[in-house]
Amino acid sequence: MATKPPTLPPDEALALRTIEGTYGGVDDIADDQPLDAAALQRMQAKIDQSFDTAWRLAREQAKAESRARAQRQTDLLAFAGDVLRDRIAALRVRIGPELQLAHRNLDDMSDDDLRSLLADLEEIAARTERTA
Amino acid sequence: MNIAPLPIRRARKAASAVHERFRIRDPKDIDVEGIAALLGLDVRHGGLTGADAVGNASGGIIRLSPRVTHEGSQRFSVAHELGHRQLAHRTNNAPGACKPASVHGHIDRGVEAEANAFAAELLMPSKMLRRRCEVSPVSLELARAIAADFEVSLVAAALRFVELTSERCAAVFSRAGRVVWAARSDTFVPFIERGLWLRRSSVAVDCFRSGRLHDGAQPVPADAWFDHDADPNAEIWEDAVSVPSTRGVLSLLWIPEKCARALRLDPE
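The rules behind these values
- Residues numbered from 1 in each chain as written.
- Chains lettered and ligands numbered in written order.
- Predicted model: local features only at pLDDT ≥ 70, side-chain atom pairs only at ≥ 80, totals over all residues.
- Heavy atoms only, no water.
- Helix = DSSP H or I, 4+ residues; strand = E, 2+ residues; numbered from the N terminus.
- Buried < 20%, exposed > 50% of the residue type's maximum accessible area, 1.4 Å probe, protein only.
- Areas by Shrake-Rupley, 256 points an atom, 1.4 Å probe, with all protein chains shown as cover.
- Contact = heavy atoms within 4.5 Å.
- Buried area = accessible area lost by both parts, 1.4 Å probe.
- Salt bridge = Lys/Arg side-chain N within 4 Å of Asp/Glu carboxyl O.
- Polar contact = N/O pair within 3.5 Å; in protein donor to acceptor, adjacent residues only side chain to side chain.
- Nonpolar A, V, L, I, M, F, W, Y, C, P; charged D, E, K, R; others polar.
- Pairing = 2+ DSSP bridges.
- Axes fitted to C-alpha atoms, helices over the stretch in contact; angles between N-to-C directions.
- Disulfide = S-S within 2.5 Å.

> Give a description of the overall build of chain B that names residues and reports values.
Along chain B, the regular secondary structure elements total 10 helices and 8 strands. A total of 268 residues make up chain B; the buried ones form 57% of that total. Of the roughly 12100 Å² of accessible surface on chain B, 52% is carried by carbon and sulfur atoms.

Okay, structure coming up:
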């Protein structure tokens, strides 16, 4: 009787479920039949292929979710200049010191750049609060 | 052979770790936006003059300038910002967004060079490319093929080729008749200085004068590119192409074995 695998990290578990869905799980293995070298090689190739497919799907799914988030843009056209700077400063405090932010010279930035930055920070703040 | 500085090697190793983690084994799997998303970074377009990332441990956003229109350059920009993130560069001290010139050109040191090394290894892994770079004769043809297969710009592909090949090669980018930067392979001994005025016998000058696009590699006098006190008739090879989007010219120089002997470039 084949033993159950140990607890896996979520991404490895996803790959394993994909493999089991395609080729069957541990209970489907007849472990009283010895496998020859060629069969083992074929099995390894199938496992590799399944892992590759699972990761490819994971990348595509993550990208699709990322693009869907991009559609949910807030409307910041009503704001300009110092109002944008004040809101950015407030968000920086709200997100906390671990925020990585390249823009330092907010005074040199155009309103469009400030709006983009503010939209990004609003989203990061929301994510931070969801995961807190 | 020169060994790259430790921070550059560390950057390349970090990119290889991403390949391992996400099981990337084929050029078509280098979906940089998907990789970024798995690492918690969303890619957005517009609203900046360069490329930039903001974020924290919960995730972040990479924002690309609308000025970066070439798909290969966009991929490189995303990979460059991923590099800053994966290498834990402290961006709080940075003056602003990464400038296109530092992302898409050649720089030797500092965090921008490390992010570029990460991006080059992520998008054009040495394990997929090194053997392919062992070619002779050398021309821009292979760089074009790399650019197409790995979906990067021709300049990025030429720089990567020079990094990986054992041939004596240099990629030189010039603008307004002067050298902007030059990247040499480990075996290319002569030094090509930034700011050097192009000499009349170089193919690059011809590209500027005639606006000619591409004619394949051709022999040029070695002193078209560097001073030497060996055989005055010694020739090297130059393949040059105009890069209209940057108003510049990219030259790939190659010193074949026979020329290297004539130029006495190798130690006795």
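Continuing now.
> I'd like a rundown of the interface of chain B and chain A, residues and numbers included.
Residue-level contacts link 39 residues of chain B with 33 residues of chain A. Summing the contributions of chain B and of chain A, the shared interface buries around 3200 Å²; its carbon and sulfur component is 43%. Applying the counting criterion to the chain B and chain A interface returns 10 salt bridges. For the salt bridge of Asp29 of chain B with Arg56 of chain A, the shortest nitrogen-to-oxygen distance reads 2.7 Å. Remark: the boundary between chain B and chain A carries 13 residue pairs in polar contact (both at pLDDT 80 or more). Only helix H2 (32-38), strand E1 (41-45), strand E2 (51-56) and strand E3 (59-64) of chain B provide two or more residues apiece to the side of chain B that touches chain A. Broken down by class, the residue content of the side of chain B that touches chain A amounts to 14 nonpolar, 14 polar and 11 charged.

> Describe the sheet that holds strand E7 (residues 235-243) of chain B, with residues and values.
By way of backbone hydrogen bonds, the strands of a sheet pair with one another, either parallel or antiparallel. Residue and element names in this part refer to chain B. Sheet architecture is open: 5 strands sit in the order E5-E4-E8-E7-E6, paired in antiparallel fashion. The two strands at the open ends of the sheet, each matched to only one other strand, are strand E5 (178-184) and strand E6 (218-221). Taken over all neighbouring pairs, the strand axes of this sheet differ in orientation by 35° on average, direction set aside. Against the sheet, helix H9 (residues 203-210) makes contact with strand E4 (169-175), E6, E7 and strand E8 (248-254), and its axis sits at roughly 30° relative to E7, the strand it touches most.

> So, the pattern of salt bridges: which residues are in play, and what are the values?
The tally for this structure, following the rule as stated, stands at 27 salt bridges over all chains. Between Arg23 of chain B and Asp48 of chain A there is a salt bridge whose closest N-O contact spans 2.9 Å. Remark: Asp48 of chain A occurs in helix H2 (residues 37-71) and Arg23 of chain B occurs in the loop between helix H1 (6-21) and H2; the pair is interchain, linking two chains. One salt-bridge network, held together by shared partners, links Arg69, Glu123 and Arg127 of chain A together with Asp42 and Arg44 of chain B.

> Give me the lowdown on the state of the cysteines, citing residues and values where you can.
One covalent bond between the sulfur atoms of two cysteine residues makes up a disulfide. Residue and element names in this part refer to chain B. This model, assessed by the stated rule, comprises 0 disulfides over all chains. Looking at Cys133, it has no disulfide partner, and the nearest cysteine sulfur is the one in Cys169, 9.4 Å off. On the accessibility criterion, Cys133 (0% relative accessible area) is buried. Left without a disulfide partner, Cys259 is nearest to the cysteine sulfur of Cys169, which lies 12 Å away. Judged by its relative accessible area of 15%, Cys259 is buried.

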